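# Structural characterization, general
Chain residues, written in single-letter form:
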Amino acid sequence: AQSVTQPDIHITVSEGASLELRCNYSYGATPYLFWYVQSPGQGLQLLLKYFSGDTLVQGIKGFEAEFKRSQSSFNLRKPSVHWSDAAEYFCAVGARAGGTSYGKLTFGQGTILTVHP
Amino acid sequence: DARVTQTPRHKVTEMGQEVTMRCQPILGHNTVFWYRQTMMQGLELLAYFRNRAPLDDSGMPKDRFSAEMPDATLATLKIQPSEPRDSAVYFCASGRRDGLSDTQYFGPGTRLTVL
């Protein structure tokens, strides 16, 4: 069964500092990986996704993530954090077509990001 | 800018009452997912549909919850009777095939409070 672990429940950074949010997954084949962001009182917004090809993927709002198969990781990064990035971030792994779970996402528990001025 | 819409956005009801939540998926999307989010359990998948057919509702309490897609533009999640432990935010997401998997797009959620 697939699973996702986000080791950090809460991260605090200063505005302008760099950011890395960790995500480790468990999946029996090449995974489909996603990062979503949830602002308070809002739904989840897709930041970026990895299906295949270049292991460094660019997303919206200046975020990027790198897929490392050897480490089963898909960490999210941003070089300079803005106060508006304060939110909860979710990593997810999706099942590939051909299996009974195709289309389903398994989410991590989320990482809450606080940004200090 | 196509979006998933959900109604109502907020619902307060009393224990024992029926609750119906509605979702309009993005036009052209053929999968619909219902999630529940709580502080304790995080995001849980309740049920999902592909081409309006239910594929998996194993995450849903069968005795009180039901999910349907009467047509391609409407999905419903019903709780009858509701209980205080059902208080949560319920999200609908719609998806479309993207390569060999789906990309899901979430609605704003329905915040349910059962007194």
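Reference entry: report on the structure contained in this document.

What counts and how
- Residues numbered from 1 in each chain as written.
- Chains lettered and ligands numbered in written order.
- Predicted model: local features only at pLDDT ≥ 70, side-chain atom pairs only at ≥ 80, totals over all residues.
- Heavy atoms only, no water.
- Helix = DSSP H or I, 4+ residues; strand = E, 2+ residues; numbered from the N terminus.
- Buried < 20%, exposed > 50% of the residue type's maximum accessible area, 1.4 Å probe, protein only.
- Contact = heavy atoms within 4.5 Å.
- Lys, Arg positive; Asp, Glu negative; His and termini not counted.
- Charge placed at Lys NZ, Arg CZ, Asp CG, Glu CD.
- Pairing = 2+ DSSP bridges.
- Salt bridge = Lys/Arg side-chain N within 4 Å of Asp/Glu carboxyl O.
- Polar contact = N/O pair within 3.5 Å; in protein donor to acceptor, adjacent residues only side chain to side chain.
- Nonpolar A, V, L, I, M, F, W, Y, C, P; charged D, E, K, R; others polar.

## Structural notes on the overall build of chain B
The helix and strand tally for chain B stands at zero helices and 11 strands. Mapped from its N terminus to its C terminus, chain B presents α and β elements in the order β-β-β-β-β-β-β-β-β-β-β. Projected onto the principal axes, the alpha-carbon positions of chain B cover approximately 45 × 30 × 30 Å. Residues classed as buried in chain B amount to 48% of the 115 residues present. For chain B, contacts bridging at least 24 residues in sequence account for 54% of all contacts bridging at least 6. For chain B, the separation between the mean place of its 14 positive charges and that of its 13 negative charges on side chains is 3 Å.

## Here's the deal with the pairing of strand 12 (residues 111–116) of chain A
Residues in a regular strand point their side chains to alternate faces of the sheet. All names here are of chain A. On strand 12, burial follows the alternation: Thr111, Leu113 and Val115 on one face are buried, whereas Ile112, Thr114 and His116 on the facing-out side are not. Bridge count for strand 2 (residues 10–14) against strand 12 is five bridges, and the pairing is parallel. What sits directly across from Ile11, in strand 12, is Leu113. Bridge count between strand 10 (residues 87–94) and strand 12: three bridges; the pairing is antiparallel.

## What to know about the pairing of strand 11 (residues 110–114) of chain B
All names here are of chain B. Side chains of strand 11 alternate between two faces, with Thr110, Leu112 and Val114 buried and Arg111 and Thr113 left unburied. As defined by bridge partners, strand 2 (residues 10–13) adjoins strand 11 across four bridges and the pair is classed as parallel. Paired with Thr13 across the bridge in strand 11 is Val114. One ladder, built from three bridges, connects strand 9 (residues 88–98) with strand 11; its direction is antiparallel. Directly across from Tyr90, in strand 11, lies its bridge partner Thr110.

## Quick look at the interface of chain A and chain B
Think of interface size as the accessible area that goes away when the parts come together; that is how it is often given. Across the contact, 24 residues belong to chain A and 24 residues belong to chain B. Across the chain A-chain B interface, the total number found is one salt bridge. Between Lys104(A) and Asp56(B) there is a salt bridge, with the nearest N and O atoms lying 2.8 Å from each other. Across the contact surface, chain A and chain B share four residue pairs in polar contact (both at pLDDT 80 or more). Mapped onto the side of chain A that touches chain B, the elements with two or more residues apiece are strand 5 (32–38), strand 6 (44–50), strand 10 and strand 11 (105–107) of chain A. With four residues, the single largest contributor to the side of chain A that touches chain B is strand 5 of chain A. Per-class residue counts for the side of chain A that touches chain B are 12 nonpolar, nine polar and three charged.

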